[in-house]
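Residue-level structure breakdown
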Amino acid sequence: MGAMGGPMAQGSGLLAGLLVAVLWVLLPRGSRGVVLQPLVYLVLYAAALGLEHALPEGTAAHRAASLAATILLLASVGRSGVLLVLDVGFGRRLRRPPPRIVRDITQGIVWIAIVLVAMRTAGVEPGSILTTSALLTAAIALSLQETLGNLVAGLAIQVQRPFDVGDWIQFDAEQKHIGHVIEINWRATKVVTLDEVEVIVPNGTLSKAAIVNFTKPTAASRRSLYVYAPVDVPPHLVQKAILEALVGSTGVVSEPAASVVTNAFVDGNVEYWVRFFTDQFHRRDGVDGAARDRIWYALRRAGVTPSSAPNRAVHLQEVSTAARAREEQGLADRERALRNVDFLAVLPEEQRRHLAAASHVRLYVDGEPIVKKGEQSAEMFVVESGEVLVLDGAVQLARLGPGKFVGEMALMTGEPRNATVQAAGPCRLLVIDDRALRGVLESAPELAGHISRIIAERQAARAEEEAVLSRRGPPPSVEERSSQLLGRIRKFFSL
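Residues numbered from 1 in each chain as written. Predicted model: local features only at pLDDT ≥ 70, side-chain atom pairs only at ≥ 80, totals over all residues. Heavy atoms only, no water.

1. Regarding the overall build of the protein
On a plain count of helices and strands, the protein comes out with 16 helices and 16 strands. Out of the 495 residues belonging to the protein, those deemed buried represent 40%. By sequence separation, contacts in the protein at least 24 residues apart represent 68% of the contacts at least 6 residues apart. Just so you have it, the protein exposes about 27,600 Å², and 58% of that area is on carbon and sulfur atoms. (Helix = DSSP H or I, 4+ residues; strand = E, 2+ residues; numbered from the N terminus. Buried < 20%, exposed > 50% of the residue type's maximum accessible area, 1.4 Å probe, protein only. Contact = heavy atoms within 4.5 Å. Areas by Shrake-Rupley, 256 points an atom, 1.4 Å probe, with all protein chains shown as cover.)

2. Side note on the side chain of Arg334
If you trace the backbone, Arg334 turns up in helix α11 (residues 321-339). Salt bridges are absent for the buried Arg334, whose nearest opposite-charge side chain, Glu384, sits at 6.5 Å. Every residue in contact with Arg334, bar those within four places of it in the chain, is listed here: Ala356, Ala357, Ser359, Glu384 and Leu430. (Lys, Arg positive; Asp, Glu negative; His and termini not counted. Salt bridge = Lys/Arg side-chain N within 4 Å of Asp/Glu carboxyl O.)

3. Examining the pattern of salt bridges
Two side chains that carry opposite charge are able to pair once their charged atoms sit near each other. A full pass over the atoms with the stated rule returns 19 salt bridges. For the salt bridge of Glu183 with Lys190, the shortest nitrogen-to-oxygen distance reads 3.8 Å. Relative accessible area serves as the criterion here: at 16%, Glu183 is assigned to the buried category. With a relative accessible area of 22%, Lys190 lands in the partly exposed category. Put simply, Glu379 and Arg362 hold a salt bridge, and the shortest N to O gap is 2.7 Å. Of this pair, Glu379 sits in strand β11 (residues 379-385) while Arg362 is found in strand β9 (residues 360-364), placing the two residues 17 residues apart along the sequence. Accessibility expressed as a relative area gives 16% for Arg362, which makes it buried.

4. Description of the pairing of strand β8 (residues 269-278)
Counting buried residues along β8, 9 of its 10 residues qualify, which places the element largely inside the surrounding structure. Bridge count for strand β6 (residues 221-230) against β8 is 10 bridges, and the pairing is antiparallel. Bridging across to β8, Arg222 finds its partner in Phe277. With 7 bridges connecting them, strand β7 (residues 259-266) and β8 associate as antiparallel partners. Of the residues in β8, the one forming a bridge with Phe265 is Val270. Here β7 hands over to β8 after 2 residues, with Asp267 in that stretch at a positive phi of 50°. (Pairing = 2+ DSSP bridges.)

5. As for the side chain of Thr215
Inspection of the secondary structure assignment puts Thr215 in the loop between β5 (212-213) and β6. A distance of 3.3 Å separates the side chain of Thr215 from the side chain of Asp167, its partner in a polar contact. Of note is the side chain of Thr215, whose polar atom sits 2.9 Å from the side chain of Asn213. Not counting the four nearest positions on each side in its chain, Thr215 is found in contact with Asp167 and Trp168. (Polar contact = N/O pair within 3.5 Å; in protein donor to acceptor, adjacent residues only side chain to side chain.)

6. Considerations on the packing of helix α9 (residues 235-246) against helix α10 (residues 284-301)
The N-to-C vectors of α9 and α10 enclose an angle of 135°; their axes lie 8 Å apart at closest approach. Taken as axis vectors, α9 and α10 run oblique relative to one another. Here the hand of the crossing between α9 and α10 comes out right-handed. Each of Val238, Ala241, Ile242, Ala245 and Leu246 in α9 lies in contact with α10, whose residues at this interface are Ala291, Arg294, Ile295, Ala298 and Leu299. In terms of residue class, the contact of α9 with α10 is built from 9 nonpolar, no polar and 1 charged. (Axes fitted to C-alpha atoms, helices over the stretch in contact; angles between N-to-C directions. Parallel < 35°, antiparallel > 145°, perpendicular 65-115°, else oblique. Left-handed = near helix turned anticlockwise from the far one by under 90°. Nonpolar A, V, L, I, M, F, W, Y, C, P; charged D, E, K, R; others polar.)

7. A few points about the sheet that holds β8
Taken in spatial order, the 3 strands of this open sheet run β6-β8-β7, and their pairing is antiparallel. Each edge of the sheet is formed by a strand with only one pairing partner; in this case those strands are β6 and β7. Strand after strand, the sheet turns through a mean of 25° between neighbouring axes, direction not considered.

Structural data, given as structure tokens:
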């Protein structure tokens, strides 16, 4: 086998086998598949070596088998060496696999070295070929000019690291070319857009472009929305409603905090610039849409009608028969909802109608908090449509649908909320506050006693069930509960 025959061939084969074994031991279990390539080269080398020994020396077949064995042995050692240096050495130190472009260039240099050694083993002097083919070399260099430019640009990208695999970037003015990087190789960078379209950008093009990286220096990137509201609404009310709406909205992070700027006055409207941050840039359209939904609901609850765009509007008000009919129907719906509340069912028809007229409707979108545990507010909510969740931290206490109500103790006594209530999908709630109920109780103070009795009976029944389950002593009687509750109601409403 020429220079690699006899004991040297055996020693080189043992070295190649040792490298393969070391790689198998040092590489993680999930990465051991890369050892297959040098192992195949090693097996083929053993076969070529056996064939060499079987053929008569000095024949062309013997020399071909010897050359093949040399190339396969060098290929196994070279490939194992690259894997050992890059995957085991640098991979463990950097705690991540080396970039593909570095791997490809390193492996390419090794292949070139193997070809040169094989040529020398075959008796061909590489220098003489290069000297006698200067014109061919110049032609090849000119034809590969762009490819070499992409190669150098790829190396520069790896050194400067303007982006990494997984980053979201924009490399030109086309919004549809915003995408996340899935691969950086020696010639080009692959980017997949939100439309799931793969764009292959030559590294030379990227090296000349102004690259916008949406995931650096941090994963949170800022989003901007523009909201228009009538000019006669105080800006602080609009800003407060918007900021409250963004809390907990899908994909909106709490830090950095969201902000709202009064940006311009345009044709009878005020333009508000809403800025918030998201760490889900890959879902940015959905995040923006969810934020707009939250803002719409919040502004409508605040009595503000958001404008679709700057416009000149002429407001006309016409009280027609149809409009009055709609108002009457709305009032009848609110009265019907109040009849589902047991302690309000004792109200005379006139008083219940007065309470229905003083109540109002609020709309909530999925996930919005209606009240939070510990809050001080005197409102009760009756579910007209949709569902709400009653939560204690992460524990769901109840799921209430149409006809159910929550918050009666806060309404009657003003005590802090003992649970959080959250919308489970879009819902419509009838809201009764203490000011509406105050007028009813002041005109008929005796109703407070009837209301306290009904609430006390419901609380006593619930407490008795809990006492049976927990095997505690008997709870306070209905009379005791009613008396205590009546005192708190009279104190809260100054009756």
